[in-house]
Amino acid sequence: MTRYFLSLAYPAEVWADASESDRATMHQAHLDFDAAARQRTTIVAGEALASTDTATTVRHVGGRAQLTAGPFAESAEVVGGFYLIDADNLDVVVELCDLLPHSYAIEIRPVVRVEGFDHT
Amino acid sequence: MTALERVVREEWGRLVALLLAQFRRLDLVEDALADAVATAHTRWPQDGEPDNPSAWLVTAARRRILDRLRAEAMAARKEPLLTVEAEHRTREGVMADAGEVVDDDLLRLVLMCAHPALPPEGASALSLRLVMGISTADVARLFLVPETTMAARITRAKKKIVTAGIPFTIPGREAIGERLDVVGHTAYLAFTAGYAPGSGPDLLRAELAGEAIRLARVADALHPTPALGNLIALMTLQHSRRDARVAADGTLVLLPDQDRSLWHHDEIAEALAFLEATRPGTSALAQSYRLQAQIAAEHATSPSPDATRWDRIASLYAVLEQVSPSPAVRVARAVAVAEADGPRAGLALLEDLDLPGHRLPAVRGELLARVGDVASSREHFASAIALCDNEVERAHLSSRLSALA
């Protein structure tokens, strides 16, 4: 069993410019993913994130915190949500990703377990 | 070939698969098997070859893995439950030494090494190492990188399999076709590496390229697909010319100048039979392999360069360009059309074409020379020479340039 962090990225306009029915379709995709993932994996967490113009990035420069408005990397694709799931293997995760909106790029990263450090 | 060399060459993948099925520890299996081979290397000449060399190696490798598992259990100060469990499974594993179960395990191994989540060059190297038992030094030589670089690449691929949870399984009917396409691509990448322009002449690399054909054949024997079958025919036909491609002094011999008696005609016959027996397939990939194999077959069955059916080759390239359009295919088609219909018809197909590397200016230079435009021909040959990083090909281009009076 491996724990996977899935970050869901898409061009900002995919959500911002989506019609009501497009949004409903995307919402349904997440419900389908959730239902299927519960059958085959354990969903540890999963959230949608507010738009990147609400993000604050902290960097320390010369020991002092410097805040900048916006995400740490400006790019065409923005991270709009995440899932944290426990699955048997990568193929299971990849198959489940097929249920999520196909406009997404989904980065699947295995989580490193650090002994004595478990927040879930 | 000694019994040990034969067993490593023919059984390595099966032995890795068998041990992996039992222990599921990719990090231990390869080292344990390599250790067992090293031990056999000193022991067998003294003690005599065992009756069943594969079984001897598996037993020796199992012992090493169990030693490591015990050591790990001790280090973790746990009851050695894992070890007991693994030892228990050893007895079951013996029954799986022959038969279908092992074939399935080998297919699992092939698919794991060529998983699409691995970088293609890592998958290719790992497949040659784990499925075919090629030494890291030889894999490095094939891909023209230092051995340490290749060792690191193989280690990274193995680490990704373990960390990312790439499974040792056979996917369902829907997914397996695509996965075997990746296996084919992985083999083809290794094959073309053997013929890729290198820093110098190296005949051994061509022999190593043959191992890529064996990899595709292993996959095809376990689960045949049109893409794999057509790819095997293509690679076998290309490979059959290896001894005629390079002259004794290391210079490249082009197709029309090759001594056709040096071609491996038994392999050509085998490839043609394979092509005959393989379905064309419906995917663009399978069709593209098949068309390339049919083009190679036209050359392979032509008794002399003059007898080459360039008209048929030009038509096959025209279809290939529809199935998988690319500037490289266009250049190859232009060469065939120039042979069939004259250099002007070939040059017309190259107008406004853009392709990085030396191939396009080399072909333009050749066709311009044939229409008598010596000045433009010189220019193109000169830029081809500047762009070419392969010794033998550059020598050929230079001799063409100096032949232009």
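As the structure is a prediction and not an experimental result, all values here were calculated from the model.

What follows covers the overall build of chain B. The helix and strand inventory of chain B stands at 20 helices and zero strands. In terms of overall dimensions, chain B has a C-alpha envelope of 85 × 45 × 40 Å along the principal axes. The burial tally for chain B puts 40% of its 405 residues in the buried class. For chain B, long-range pairs separated by at least 24 residues make up 62% of all intrachain contacts whose partners lie at least 6 apart in sequence.

So, on to the overall build of chain A. In terms of helices and strands, chain A carries three helices and six strands. In chain A, the order of α-helices and β-strands from amino to carboxyl end is β-α-α-β-β-β-β-α-β. With respect to the three principal axes, the spread of C-alpha positions in chain A is 50 × 45 × 20 Å. The buried share among the 120 residues of chain A stands at 12%.

Let us now look at the sheet that holds strand 1 (residues 2-11) of chain A. Residue and element names in this part refer to chain A. The antiparallel open sheet is built from four strands, whose spatial order is 2-5-1-6. Of all the strands in the sheet, the pair left with one neighbour each is strand 2 (42-48) and strand 6 (105-110). Neighbour to neighbour, the strand axes of the sheet diverge by 20° on average, direction disregarded. Sheet topology places strand 2 next to strand 5 (residues 77-87); six bridges connect them, and they run antiparallel.

This part takes up the confidence of the model for chain A. For chain A, per-residue confidence averages 93 on the pLDDT scale, and 99% of positions sit at 70 or higher. Across chain A, strand 6 of chain A holds the top mean pLDDT of 97, while helix 1 (residues 12-16) of chain A sits lowest at 86.

Our focus in this paragraph is the interface of chain A and chain B. Contacts between chain A and chain B engage five residues on the former and eight residues on the latter. Across the side of chain A that touches chain B, the residue classes tally to two nonpolar, two polar and one charged.

The next subject is the packing of helix 1 (residues 3-23) of chain B against helix 2 (residues 26-47) of chain B. Packed helices, taken two at a time, are described by the angle between their axes plus the distance between the axes. Residues and elements named next belong to chain B. Axis separation between helix 1 and helix 2 bottoms out at 10 Å; the angle between their running directions is 145°. Along this stretch, helix 1 crosses helix 2, giving a crossing that reads as right-handed. Contacts between helix 1 and helix 2 involve L4, V8, L15, V16, L19, L20 and F23 from the former and L26, L28, V29, E30, L33, V37, A40, H41 and W44 from the latter. Residue composition of the contact of helix 1 with helix 2, grouped by class: 14 nonpolar, one polar and one charged.

Residues and elements named next belong to chain B. Formed by 122 residues in total, the largest nonpolar core has its most connected members in V16, L19, V29, L109, V110, L215 and A216. Take this core: its biggest share by element is 11 residues, from helix 1. Not counting residues within four places of it along the chain, the set of residues in contact with V16 comprises V29, E30, L33, L109 and L130.

On to the confidence of the model for chain B, then. Residue and element names in this part refer to chain B. Mean pLDDT for chain B: 90, with 92% of residues reaching 70 or above. Overall, residues 90-101 carries pLDDT values under 50, and its contacts beyond four positions in sequence, including any with other chains, amount to nine contacts. As scored by the predictor, the complex reaches a pTM of 0.85 and an ipTM of 0.86.

To continue, consider the pairing of strand 6 of chain A. Residue and element names in this part refer to chain A. Counting buried residues along strand 6, only zero of its six residues qualify, which leaves the element largely exposed. The pairing of strand 1 with strand 6 spans six bridges and is antiparallel. Its bridge partner being in strand 6, Y4 is matched across the sheet by P110.

Moving on: unusual backbone geometry. Residue and element names in this part refer to chain B. Here the phi dihedral of R24 falls at roughly 50°; this positive angle occurs in a residue that is not glycine. Residue placement: R24 occurs in the loop between helix 1 and helix 2. The residue D352 is not glycine, and still its phi comes out positive at about 60°. On the basis of neighbour count, D352 is assigned to the exposed category, with 4 C-beta atoms found within 10 Å.

Quick look at the packing of helix 14 (residues 284-300) of chain B against helix 15 (residues 310-323) of chain B now. Residue and element names in this part refer to chain B. The geometry of helix 14 relative to helix 15 is characterised by a closest axis approach of 10 Å and an angle of 165° between their N-to-C directions. Overall, the two elements helix 14 and helix 15 adopt an arrangement that is roughly antiparallel. In this structure, helix 14 meets helix 15 at a crossing whose hand is left-handed. On the side of helix 14, the interface is formed by A284, Q287, S288, L291, Q292, Q294, I295 and E298, while helix 15 contributes R312, I313, L316, Y317, V319, L320 and V323. Its residues assigned to classes, the contact of helix 14 with helix 15 shows nine nonpolar, four polar and two charged.

For helix 3 (residues 90-97) of chain A, every residue scored as buried is listed here: L90, D91, V93 and L96 of chain A. Contacts made by the buried residues of helix 3 of chain A are with strand 1, helix 2 (20-40), strand 5 and strand 6 of chain A together with helix 8 (147-164) of chain B.

Time to look at the environment of E47 of chain A. All names here are of chain A. Turning to its location among the elements, E47 is positioned in strand 2. Along the chain, E47 and S7 lie 40 residues apart, while their C-alpha atoms are 10 Å from each other. Excluding residues within four positions of it along the chain, E47 makes contact with G81 and F82.

All right, on to the pairing of strand 3 (residues 56-61) of chain A then. Residue and element names in this part refer to chain A. With zero of six residues buried, strand 3 is to be regarded as a mostly surface element. As paired elements, strand 3 and strand 4 (residues 64-69) share six bridges and run antiparallel to each other. Counterpart to R59 in the pairing with strand 4 is Q66. Hairpin geometry of strand 3 and strand 4 is characterised by an intervening segment of two residues between the two adjacent antiparallel strands and by a positive phi of about 60° at G62.

A few words now on the environment of P224 of chain B. All names here are of chain B. You can see P224 is positioned in the loop between helix 10 (203-222) and helix 11 (226-239). C-beta crowding within 10 Å serves as the criterion here: with 15 such atoms nearby, P224 is assigned to the partly exposed category. As for P224 and W310, which are separated by 86 residues in sequence, their C-alpha atoms are 32 Å apart.

Rules and cut-offs
Residues numbered from 1 in each chain as written. Chains lettered and ligands numbered in written order. Predicted model: local features only at pLDDT ≥ 70, side-chain atom pairs only at ≥ 80, totals over all residues. Helix = DSSP H or I, 4+ residues; strand = E, 2+ residues; numbered from the N terminus. Buried ≥ 20, exposed ≤ 12 C-beta atoms within 10 Å, placed from the backbone. Contact = placed C-beta atoms within 7 Å. Pairing = 2+ DSSP bridges. Axes fitted to C-alpha atoms, helices over the stretch in contact; angles between N-to-C directions. pLDDT = per-residue confidence, 0-100. Nonpolar A, V, L, I, M, F, W, Y, C, P; charged D, E, K, R; others polar. Left-handed = near helix turned anticlockwise from the far one by under 90°. Core = buried A, V, L, I, M, F, W, Y, C linked by C-beta atoms within 7 Å. Parallel < 35°, antiparallel > 145°, perpendicular 65-115°, else oblique.

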